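Spelled out, the chains give:
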Amino acid sequence: MATTAPTGGPIVVGADGSATSLTAVERAATIAAALGRRLVVACAVRPDGAAQPAELPERAAAERLLEPALERARELGAPDVKFRAEPGSPVAALAAVAGKEDALMLVVGNRGMNSLSGRLLGSIPADLARVAECDVLIVRSTPREAP
């Protein structure tokens, strides 16, 4: 059976300004540079004018928060880097950006996957792996737990 090169659009990476999300941005930028693909750094934000959910930033704040991640991606050689804010929960927002961009791949950190609540209630990376329409790369962005 013959295989073909992957088609699709850019590499999309979920980021929230945390140190662990920067690890995912760095991995995604390295992949984008190697493949000559555009990199979209995506962030879930509050809907315009909404006060809730309070844990999500407003669009302007998210863009300021992620500027260091965009700059780091450029330093790593990603050929074209852009920021994209999407209202909604992190899972819905990142899946929506990946779909709208016709992403080749969605990259996220593994934060939340090793916690008890993540195992019981679900985690953003695991939920994205189930719902995204493209490949999902889950980057180890937190230390391994001791056996």
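A brief structural summary. Model, not experiment: these values are computed from the prediction.

Let us look at the overall build of the protein. Assigned secondary structure in the protein consists of 5 helices and 5 strands. Counted from the first residue to the last, the protein has its helices and strands arranged as β-α-β-α-β-α-β-α-α-β. Partitioning the contacts of the protein with sequence separation of at least 6, the portion at a separation of at least 24 is 72%. Counting only carbon and sulfur atoms, one obtains 54% of the accessible surface of the protein, whose full area is about 8,000 Å².

What follows concerns the nonpolar core. Formed by 26 residues in total, the largest nonpolar core has its most connected members in I11, V13, L39, V41 and V107. Contributing elements (two or more residues each) for this core: strand 1 (11-14), helix 1 (19-35), strand 2 (39-45), helix 2 (59-75), strand 3 (81-87) and strand 4 (105-109). Per-element tally for this core: the top contributor is helix 1, with 6 residues. Among the nonpolar cores identified, the runner-up in size contains 13 residues, and A42, L106, V108 and A132 belong to it.

A few words on the sheet that holds strand 1. Taken in spatial order, the 5 strands line up as 3-2-1-4-5 in an open sheet, and their pairing is parallel. Either end of the sheet is taken by a strand with one partner, and the two such strands are strand 3 and strand 5 (135-139). This sheet shows a mean twist of 25 degrees between the axes of neighbouring strands, independent of strand direction. Its contacts with the sheet place helix 1 against strand 1, strand 2, strand 4 and strand 5, and it is angled at close to 175 degrees to strand 1.

So, on to the pattern of salt bridges. As a working rule, side chains carrying opposite charge can pair if their charged atoms are close by. Under the defined criterion, the tally for this structure stands at 11 salt bridges. Here R72 makes a salt bridge to E75, at a shortest N to O gap of 3.3 Å. Separated by 3 residues within a single helix, R72 and E75 lie in helix 2, roughly one turn from each other. When the shortest N-O distance is used, the salt bridge between E86 and R84 registers 3.9 Å. Per residue, the accessibility class of E86 equals that of R84, and both read buried.

Conventions and cut-offs
Residues numbered from 1 in each chain as written. Predicted model: local features only at pLDDT ≥ 70, side-chain atom pairs only at ≥ 80, totals over all residues. Heavy atoms only, no water. Helix = DSSP H or I, 4+ residues; strand = E, 2+ residues; numbered from the N terminus. Contact = heavy atoms within 4.5 Å. Areas by Shrake-Rupley, 256 points an atom, 1.4 Å probe, with all protein chains shown as cover. Core = buried A, V, L, I, M, F, W, Y, C linked by side-chain atoms within 4.5 Å. Buried < 20%, exposed > 50% of the residue type's maximum accessible area, 1.4 Å probe, protein only. Pairing = 2+ DSSP bridges. Axes fitted to C-alpha atoms, helices over the stretch in contact; angles between N-to-C directions. Salt bridge = Lys/Arg side-chain N within 4 Å of Asp/Glu carboxyl O.

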